[in-house]
Amino acid sequence: MGSDTSSRPGVSVGPTSEFSLFFHVKPGHGEALHQALRDLQDAPGYRPGDYEMPIASIHEARFVPFDDDTRLLFATSFDGPWDAYMEDFASKPLKLFDSIFQHVVGYEGLPSLQAVKDFILSAQQTAGGYARNYGGTVKQIRKAITVNDAFQEVLDDPGAADALQHPALRPLLDVAAD
């Protein structure tokens, strides 16, 4: 697949698209690739429990070496248009990604947005199936969690007991009871 801007990869469900890239690892680069992946996993925003990845539209991302470290899968899902995702990706410091991709065949650096798009499209394969177990964008989900946490604080506050008796709050209380 080329860098034709009229064609965008991935299957979409609502506002979210899947994205799967398959690379060939350079011979002899398996251990260095694993170290680069460990370095990424230890970086702020990517550590287990960190929920502030630098690319805010990503739901999740994973790198999977396979076939005895001769292949690498990068799979993710993201919100919004593909071009906006690529622009967001290309605008971030790419040092950690560079340290990973330098171990795959065909990587020659990412000096421009067009180079990023061309590199990504050269490895992209659209999923044969893609489903999500929840709706909403990352931004909507984060807001829902924040609102839920605040509402739980209200529920836990003994001073809120009288206000919580108001009939207008019944739908919230019914949902909170689950």
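Look above for the structure.
Attention here is on the structure that accompanies the text. Being a predicted model, the structure only gives us computed values, none of them experimental.

Okay, the side chain of Ser17 next. As for its placement among the helices and strands, Ser17 is situated in strand β2 (residues 16-24). The exposure class assigned to Ser17 is buried, which follows from its relative accessible area of 7%. Polar contacts involving the side chain of Ser17 include one to the side chain of Ser12, which spans 2.6 Å. What Ser17 contacts, discounting residues up to four positions off in sequence, is Val11, Ser12, Thr76, Ser77, Phe78 and Tyr130.

Turning our attention to the environment of Ala75. Take Ala75: it is sitting in strand β4 (residues 71-79). Along the sequence, Ala75 and Leu21 sit 54 residues apart, while their C-alpha atoms lie 6.3 Å from each other. Excluding anything up to four places from it in sequence, Ala75 contacts Phe19, Ser20, Glu60, Ala61 and Arg62.

This brings us to the layout of surface pockets. Space inside the largest pocket adds up to approximately 580 Å³. Residue lining of the largest pocket: 24 residues in total, with Asp50, Met53, His59, Glu60 and Ala61 positioned closest to the centre. Every element with two or more residues in the lining of the largest pocket is listed here: α1 (30-41), β3 (58-66), α2 (82-91) and α5 (138-156). Sorting elements by how many residues they give to the lining of the largest pocket places β3 first, with 6 residues.

Reading guide: rules and limits
- Positions within a chain are numbered from 1, following the residues in the order the chain's sequence is written.
- Local features in this predicted model are restricted to residues of pLDDT 70 or higher, and side-chain atom pairs are both shown and tallied only at a pLDDT of 80 or more, whereas totals for entire chains, interfaces and linings draw on every residue.
- Calculated side-chain values reflect all of the structure's heavy atoms, with hydrogen atoms and water omitted.
- Strands here are runs of E lasting at least two residues and helices are runs of H or I lasting at least four, both read from the DSSP assignment and numbered beginning at the N terminus.
- Note on exposure labels: buried denotes an accessible area under 20% of the residue type's maximum, exposed denotes more than 50%, and partly exposed covers the range between, all computed with a 1.4 Å probe on protein chains only.
- We call two N or O atoms a polar contact when they sit within 3.5 Å, provided that within protein one can donate a hydrogen and the other can accept it, with sequence-adjacent residues counted only if both atoms are side-chain atoms.
- Whether two residues are in contact is decided by their heavy atoms: any pair within 4.5 Å suffices.
- Using protein atoms alone on a 1 Å grid, points that fit a 1.4 Å probe yet trap it form a cavity, whereas open point sets bounded by protein on both sides within 12 Å along at least five of seven lines form a pocket; residues with an atom within 4 Å of a point count as lining.
- Grid points are joined across faces, edges and corners, and a volume is the space filled by probe spheres set on the points.

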